[in-house]
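Here are the chains, one letter per residue:
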Amino acid sequence: MPSRLDDINEQRKKTLQRLRGLGINPYPNRYPQTHTTQQAIAQLEETEARETPQRGKETEPVSVAGRITAMRKMGKSSFLDVRDVSGKIQLLLQNSNFNKDQQELFKDLDIGDIIGVEGKLLRTRTGEPTIAVGEFTLLSKSLQPLPEKWHGLSDTDKRYRQRYVDLIANNEVKEVFKVRSRVIASIRQFLDKRGFIEVETPVLHSSAGGALAAPFVTHHNALDQDLYLRIATELHLKRLIVGGFDKVYEIGRVFRNEGISTTHSPEYTLLESYEAYADYTDVMEMQEQMIYHICKQVLGTAEIKYGNNTIDLKPPWQRITLRDAVKEYGGIDYVSYPTAAGLREKMRSLNMEADTNKNWAKLVDELLKTYVRPKLIQPTIVFDYPASMSPLAKNKPGKERVVERFQAVAGGLEIDNAYSELNDPIEQRERFQEQMKDRHGDEEEQWTIDEDYLTALEYGMPPTGGLGVGIDRLVMLLTNQQSIREVILFPQLREKP
RNA sequence: GGGCCGCUAGCUCAAUUGGCAGAGCAGCUGACUCUUAAUCAGCAGGUUACAGGUUCGAUUCCUGUGCGGCUCACCA
């Protein structure tokens, strides 16, 4: 008797043969549904509300389709659970309602099969909304057994590699990706309403710019030219600002050839927006309004649970300068230690790790990441960064070494990053050159200065406020997920041998 | 790439000091006309991730490999 996977497959294939022998097509082409499972339940409730609520009250027939996720056979009548994208509904199938062929077909139904049913809605004795099935049709025969009904599928490896099984077995996973979809729709709605234009810029770049991550390299055969998958959309979007699109945004995948972690994926979705004649204070307000709006629209509340914390996204968010934040949470005023050596020494005196290879900017970044960000649970705008950390950001008037830049942090996650865009072409060139000096060895050849971007700036870019939002991390925050893989449908995994 | 942890039936998990590898769900046979983790009786299902080693004997101890998780590094 079958139990091993192979035997189960074998047995189901025999069932297929048998059905075909009976003249039943196990994979028909279409099925007209009148309702989703939840619409059917809603209709039942509506009928009950309109007429005198009465147990066993029947309604107009509905037809729904979905996957069988449970079967409770009780002799001449059986209860099945059927699940579609909206949820699940119970079916009641009574042998006495069916002719001989249908009784045979019913015997060959398995958990996992996809069926369409037609029947009237009623409530069972226990109050469960149920379709009393008059007719049913096999829509797709399943040859694989489903994971256990109670615990679902929990092996992360299998969940990520075979996400379709995860989605069948674990309903809460489906909810996460529904939220993700609504978040992105909500962002578009918010920006479109403010007069932003959505654009698409190239994914294949001849020079990987706009961030400092290592790029993926590919090759175009006809052009015989190496190309890089974009690591940011920034430099192209700002070209469009030069061209006169005053408010633009792009939601797109960017690719960074770096380590994978619970907050880093080699490909992830980035929203970047640019608004002419605005500075970073305007962007601060816009982004907190946007995230508040999204959260309210998608979740119905701006108070969310993340891990053990409750986070209130209602603006205005707390604001603190990077200098004050590092002083408060790290105990160091980095302005008093203007050299890498001096700052490193101070950090070590406080028992902090300070890599000898790191320059001053990277040490400050280390302080931010390790000592400040994890403490920032409520949404917080950390602003005014050292110029050396931010080669594309504009100086703060009157403060030589500070740029107008901020990052918003919530739940310890970096949600976005924004600045007043540097539009002085001469200074931008100097900053790029400064940046190039830091690069050595293998990395060096991957980096070139984007000359065309500098030329664009020479034509004149209006003062501009730019924003970059990590969509995956935002979705993590809104769905209370601790790993970025939980919000990416098909996360990158090592190929199995 | 480093460190730690994990990998046992299709799924979720057991297995005492190193001593016959077990259960629930799923599957198969049967009973049952309001069940919902249905119930009841019975049956079947294993290269314990892989390759070595120690041992009379290894799921268990050791080494290596693979894959995954967490973490560190990298990611302005």
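Residues numbered from 1 in each chain as written. Chains lettered and ligands numbered in written order. Predicted model: local features only at pLDDT ≥ 70, side-chain atom pairs only at ≥ 80, totals over all residues. Heavy atoms only, no water.

Engineer: Is there a simple way to think about the packing of helix α12 (residues 425-437) against helix α13 (residues 451-459) in this case?
Structural biologist: Where α12 meets α13, the axes come as close as 9 Å, and the angle between the chain directions of the two elements is 160°. What the angle tells us is that α12 and α13 run roughly antiparallel. Where α12 abuts α13, its residues Pro425, Gln428, Arg429 and Phe432 lie against Glu451, Tyr453, Leu454, Leu457 and Glu458. For the contact of α12 with α13, a count of residues per class yields 5 nonpolar, 1 polar and 3 charged. (Axes fitted to C-alpha atoms, helices over the stretch in contact; angles between N-to-C directions. Helix = DSSP H or I, 4+ residues; strand = E, 2+ residues; numbered from the N terminus. Parallel < 35°, antiparallel > 145°, perpendicular 65-115°, else oblique. Contact = heavy atoms within 4.5 Å. Nonpolar A, V, L, I, M, F, W, Y, C, P; charged D, E, K, R; others polar.)

Engineer: Looking at this structure, how should I read the sheet that holds strand β8 (residues 217-220)?
Structural biologist: What links the strands of a sheet is backbone hydrogen bonding, and the strands pair in either a parallel or an antiparallel sense. Across the sheet, 3 strands lie side by side as β7-β9-β8; this open sheet has antiparallel pairing. Every interior strand has two partners, whereas the edge strands, β7 (204-205) and β8, have only one. Pairing of β8 with strand β9 (residues 225-229), which is carried by 4 bridges, proceeds in the antiparallel orientation. Within β9, the residue paired with His219 across the bridge is Asp226. (Pairing = 2+ DSSP bridges.)

Engineer: How should I be thinking about the nonpolar core in this particular structure?
Structural biologist: For soluble globular proteins, nonpolar side chains are generally found buried alongside one another. The biggest cluster of nonpolar side chains holds 48 residues, and the ones touching the most others in it are Val183, Ile187, Leu191, Leu271, Met290 and Leu313. The leading source of residues in this core is helix α8 (residues 280-299), at 10 residues. Ranked by size, the runner-up nonpolar core spans 39 residues in total, among them Leu237, Ile332, Leu343 and Leu392. (Core = buried A, V, L, I, M, F, W, Y, C linked by side-chain atoms within 4.5 Å. Buried < 20%, exposed > 50% of the residue type's maximum accessible area, 1.4 Å probe, protein only.)

Engineer: I keep staring at helix α6 (residues 171-193) and nothing clicks. Help me out?
Structural biologist: Structural remark: α-helix, 3.6 residues per turn; residues separated by three or four positions point the same way. The end-to-end C-alpha separation of α6 is 33 Å, in line with the 33 Å expected for 23 residues at 1.5 Å each. A positive phi of about 90° marks Gly195, the residue just after α6. (Expected span 1.5 Å × (residues − 1).)

Engineer: I tried to follow the packing of aromatic side chains on my own but got confused; where do I start?
Structural biologist: The description of an aromatic ring pair rests on the distance of the ring centres and on the angle between the ring planes. Evaluated as defined, the whole model comprises 4 aromatic pairs. Pairing Phe98 with Phe136 gives two aromatic rings, centres 5.1 Å apart and planes at 75°, and the pair type is edge-to-face. Placement of Phe98 in the loop between β3 (87-94) and α3 (100-107) and of Phe136 in strand β5 (residues 129-140) is noted, with a sequence separation of 38 residues between them. An identical accessibility class is assigned to Phe98 and Phe136; each is buried. Ring geometry for Phe106 against Phe136: centres 6.4 Å apart, planes inclined by 75°, an arrangement best described as edge-to-face. Highlighted residues: Phe106 in helix α3 and Phe136 in strand β5, separated in sequence by 30 residues. Both residues of the pair, Phe106 and Phe136, count as buried. A connected cluster of aromatic rings, assembled from ring pairs, spans Phe98, Phe106 and Phe136. We note Lys73 situated over the ring of Phe106; from NZ or CZ to the ring centre the distance is 4.9 Å. The ring of Tyr385 carries the charged tip of Arg405 above its face, separated from the ring centre by 4.6 Å. (Phe/Tyr/Trp six-rings, centres within 6.5 Å; stacked < 30°, edge-to-face > 60°. Lys NZ or Arg CZ within 6 Å of the ring centre and 35° of its normal.)

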